[in-house]
Amino acid sequence: MSSEPTAAPAPKQPFLTREARSPREAILQRLGIGALTFLGNRLAMVGLAIIVLLVVLAIFAPLIATHDPNLQNLRGARLPPSATNFFGTDEYGRDIFSRIVHGARITLYIVGLVTVTVGPIGLIVGAISGYFGGFVDTIVMRITDLFLAFPSLILTLAFVAVLGPGLEQAVLAIALTGWPAMARLARAETLTIRSTDYIAAAKLQGASSWHIIFHSVIPMCLPSVIVRLTLNMAGIILTAAGLGFLGLGAQPPTPEWGAMTSTGRAYMLDSWWMVTFPGLAIMIVSLAFNLFGDGLRDVLDPKSN
Amino acid sequence: MSQYRRAKVMGFLQSAGSVAITLFLLVTLTFFLGQVMPVDVVSKLVGPDADFQTYEAVRQRLGLDEPLYVQFGLYVGRILTGDFGTALLTGHRVIDDILRVFPATIELGTLALLIGAGIGIPLGVLAAVRRDRMSDHIIRIVTLLGHSVPIFWLGMMGLLVFYSQLGLVGGSGRVAVFYEGLVPTVTGMLLIDSLLAGDMEVFGSAIRHIILPASVLGYASMASLCRLTRSFMIDQLGQEYVISARVKGLSTWQVVWGHAFPNIRVQLLTVVALTYGSMLEGALLIETIFAWPGFGQYLTNNLLLGDMNAIMVCVLLVGVVFITLNLIADFLYTIFDPRTSR
Amino acid sequence: MKFQNTLRILALATLLSSTTLATQAETPVDQLVVGLSMVSMLSLDPSAMSGRESVEINSNIYDSLIEADPVEAGVFHPRLAESWELSEDRNTITFHLRKDAKFHSGNPVTAEDFLWSMQRAFALGIGGSNIRVFGYNEDNIAEMVTAPDPYTVVVRLPKPNDPNLILGVIAGAGVAMVIDSKLAMEHVVDNDFGQGWLTTNSAGSGPYRLNRWQANDIVILDRVDDHWGGQAELKRLIFRHMPESQSKRLALQSGDIDIATGMSVADIQALQANADLITAEVPSGNVYYVAMSLKDEKYANDKVRLAIRHLIDYEGINETILPFYGTFHQRPIPKGLPGALPDPEYKLDPDYAKQLLTEAGYPEGFSTTIRVLAESPFVNIATALQATLAQAGIAAEIITGNGDQVYGAMRERNFEIIVGAGGDRNGSHPYTSLLSLVYNNDNSDEAKLYTLQAWRTSFQSVEINELLDAALLEPDADQQRAMYEDIQLKFEESVPPLQVISQLYSTVVYQDDLVNFVSHPYQNTRYRDVVKQR
């Protein structure tokens, strides 16, 4: 995948462009070049800005929201957007704007939880599988084959069918289907890293396999796994929304955007705002993650440059 | 050279062996998914008002009181002999159901892919040629939107605008309801069947109904095909032969379509094969929105109903389709592209 | 860039606020298209009683001995039987069959076919719950239902009962629909009484025959030409699976379908303005209820149950959630039946409820769960209940599920609160309503009296049981009515774990060019006389 420095270090070059002398240097170099390229990518910055906005929305949701997201008012149901209800109200008279603002928490919760589960598991499994090879590798690869043989939504659905509908179950199901791709990537990275000089040097110095995996291999895999995780985030948002839409994700009255779109569907002809705004929210956030991930990929995957 | 190819074929057969293992794992996985599913099929069958005697009788008749390993053995045995059983709830033979719904999805998917590839590939080439210029950025945003928009939402918006508001296209279903069952089923694909029967009325109605879901589904595949085409093309445009062709005085487009494009055809073909598979995923949601009686709707319905038998066969089928498509993609790549020598 | 796109989509969306249709199609004059949800249609075998839609479709393929009047409760009309009489001791009903009735196969319809159809349902163990109630079972059915000659059927009652109830079952239920036994026997596999074959084929004597059934997709019925009872007007009946209310609304407006059932309140309201469409409300005997489990420590407390009774917004629910689907009602016997009483007028009163909870030892409230079907209007009722419970400090979590998950928990007697519907869905007799909602003759877990809501909530009152048993056999109508009234008052007094909140209706919307279309409250809607007049 990525081209790694193999020749002996050349003297007197700027830090960012010279050959790395240690794993730590290699990582710092990558990050440094990356940061510079990234800052120059306007679309990626827009994505980042939206993500920051999303995080702010989520943290300060109670302050930003104009209403209690779960407060019902059956007599004020399905009101069109107005100065009091920016995005209108839903079938229980709840304020859609406030629900979307609070929904940012759900979205971040899903994305965050899936990512912190999938990342480490994929990374560790992949690194171990790639570093040791042999029987372990074969088993892991067959299992990932099996998982990767499915479109993720279908497998997620199958897991949700087993786990039952709900927010936690949805997160678990998405994570269950997500880790094999990470493991695959980490394994591929490990295979290239394993043959580099500094790993050989570390081995000569008598470092244990576990030490090498955790101190050299995994940090080196990190950048590409992070890019992939970021790129995955948009997918996670869409899968979660799809689950919510099918009624298998977060359960009422949780203001999950997919579920909101799904409920809105029943009132689509008269109350367009009930589907339009949650749908837009999903699209904008997912677009932001895509822009951001795209920028990151340009930065960290040398092949696309 | 031929020896080289033979080695490739051997490698391919070897991977076919590992595919067999994957398939077995798949069968096991589907079985256990079916087992742990927290759905009480019996109570569905007998209805909410049934008494205990009825409940128990039905449970026994379905063989649900046998021990697990017996059920697993029976399951594997039946799959191997090509007997996919009947749906627990409706009593219909699952294979008949699938043979009925699959053509509907293939029809939708194929049209969507034609739309997606027809627009996505030229756009991708354009973006590569105009790299980093305005048109590239616009295409980039359009394709990223395709990756970002929830497909079910786009479908709903499409229905609102083009069906309910403008009345330009047909609503849900494959054809206006009163045309159902008028054309004899030959291929199961209504567009083809109605043409075979020479029934232009049904054909027209079918076109009006398929065009919107196919476009929405096509947009998603257009997005990924466009992006991949762009990156393949950029690779090619950096090659020396392109520069020398340019030096010889050929125009940009002559080089692109005459020299560079043929070189990415195989790559594109494999990508298209894989996109075809991933279309199943979009079909799942799109078919729900458009009440399209295809595989996606069949699967979701059975998931919601908890019909283990039907779900197991569906998941098995999806697995087989995907593994096959991957295999085909691998095979195409190995045979035609000498650069992949892994 | 992104904002331009956003704006464009927004603009598209705003376009939709004014809904007009460019095209107005029409269904062909000799076909009828019905849009409905087929999710609960699991079998078209008449013996397998599940799903109202199956019963409706089978009512047009198969015939019963007699038919219940779609409007007047307790009135029956001849069909396969030209006449019937009740014995002096009210224990035997004798039916005399007409001799010219023929199955689609050409076989004559005989008493033997009726017996075979009945016995088959018991032998297969599918359905038949609603007839087992009267004491019929696989051992005595051959003895209780006999045919002294090919055109006479004698039905005996296994235990003393009100014969009108038996007539109701024979008129309405799938088990009493007559199957062409000769034809079905030709397709028997593994002693299945032709069940496998009958799931996708029909063997009836009705005005239509099954052309195709694709689960959760479509059912097409073709007319039987030169039918013995007179040929139906419409050539094809098409039932299309349309679970979404909005699709049905659009299809009705654009003339793609003739009849739609199960539409949402908002959509029915929107269609009221359309002069080409007619809305008909069809009553049923089912009621919506809030049920608590007495097995739960909290709800075993009378004061807590009384508090819950005053934490339901009856008016709000009936006015905003249930128009077209329910009317204000708080008692087990549906309005219009003998024994029905005026409502006790319970009201939402959070302050009183809070006081009761404090007395019960829950001054801060408690947390609980509400199980409910994940569909309208049930989930809407649960959400409304959740909000009113919160006013007294009760934090309720809503657990949605499909039918078997929700009612499965209820059958296991393992739940806290369930919002559901139940009762006697035909609503033709006060006894069946009370039986379903207040009667429980064995409160042990092992009894598994699944059909009794009282057993499901672990409610048992020996006094009520005895009164109901006595009322059933009371020959004097006035006396009987007084007993039914008494039972309801005693039930209310005991602060039962099941609180009725509304009487269930269903609403059908159809094109005004349909003539002779009467939606049947017992799901026996028959289309043989329906004509399109344009």
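First things first, this report covers the structure right here in the doc. (Residues numbered from 1 in each chain as written. Chains lettered and ligands numbered in written order. Predicted model: local features only at pLDDT ≥ 70, side-chain atom pairs only at ≥ 80, totals over all residues.)

1. Details of unusual backbone geometry
Working step 1: Residue B:Ala291 is not a glycine yet carries a positive backbone phi of 45 degrees.
Working step 2: On the neighbour-count criterion, B:Ala291 (23 C-beta atoms within 10 Å) is buried.
Working step 3: Residue C:Lys448 is not a glycine yet carries a positive backbone phi of 45 degrees.
Working step 4: Along the chain, C:Lys448 falls in the loop between α17 (430-438) and α18 (453-456).
Working step 5: Residue class for C:Lys448 comes out partly exposed when judged on the 17 C-beta atoms lying within 10 Å of it. (Buried ≥ 20, exposed ≤ 12 C-beta atoms within 10 Å, placed from the backbone. Helix = DSSP H or I, 4+ residues; strand = E, 2+ residues; numbered from the N terminus.)

2. Side note on the pairing of strand β15 (residues 395-401) of chain C
Consecutive side chains of a regular strand alternate in pointing toward one face of the sheet and then the other.
Residue and element names in this part refer to chain C.
Working step 1: When strand β14 (residues 367-373) meets β15, the two strands line up parallel, connected through 7 bridges. Of the residues in β15, the one forming a bridge with Thr369 is Glu397.
Working step 2: You can see the chain leave β14, run along helix α15 (residues 378-390) and come back into β15, and the turn it takes is right-handed. (Pairing = 2+ DSSP bridges. Right-handed = clockwise from strand over helix to strand, strands pointing away.)

3. Concerning the environment of B:Gln297
All names here are of chain B.
Working step 1: With respect to the secondary-structure elements, Gln297 resides in helix α12 (residues 295-305).
Working step 2: In this structure Gln297 comes out as buried when scored by C-beta crowding, with 25 C-beta atoms within 10 Å.
Working step 3: For the pair Gln297 and Ile95, spaced 202 residues apart in the sequence, the C-alpha separation amounts to 15 Å.
Working step 4: Beyond its immediate sequence surroundings of up to four residues, Gln297 is in contact with Glu287, Thr288 and Trp292. (Contact = placed C-beta atoms within 7 Å.)

4. Here we look at helix α9 (residues 209-245) of chain A
Residue and element names in this part refer to chain A.
Working step 1: With 37 residues, α9 should reach 54 Å at 1.5 Å per residue; the first-to-last C-alpha distance of 46 Å falls well below that figure.
Working step 2: Counting buried residues in α9 gives 28 out of 37 residues, a clear majority hidden from the surface.
Working step 3: Following α9 by one or two positions, Gly247 adopts a phi angle in the positive range, close to 80 degrees. (Expected span 1.5 Å × (residues − 1).)

5. As for the interface of chain A and chain C
Working step 1: Contact with chain A, which involves 18 residues of that partner, is made by 23 residues of chain C.
Working step 2: With 4 residues, helix α11 (residues 272-300) of chain A is the largest single contributor of residues to the side of chain A that touches chain C.
Working step 3: Split by residue class, the side of chain A that touches chain C holds 13 nonpolar, 4 polar and 1 charged. (Nonpolar A, V, L, I, M, F, W, Y, C, P; charged D, E, K, R; others polar.)

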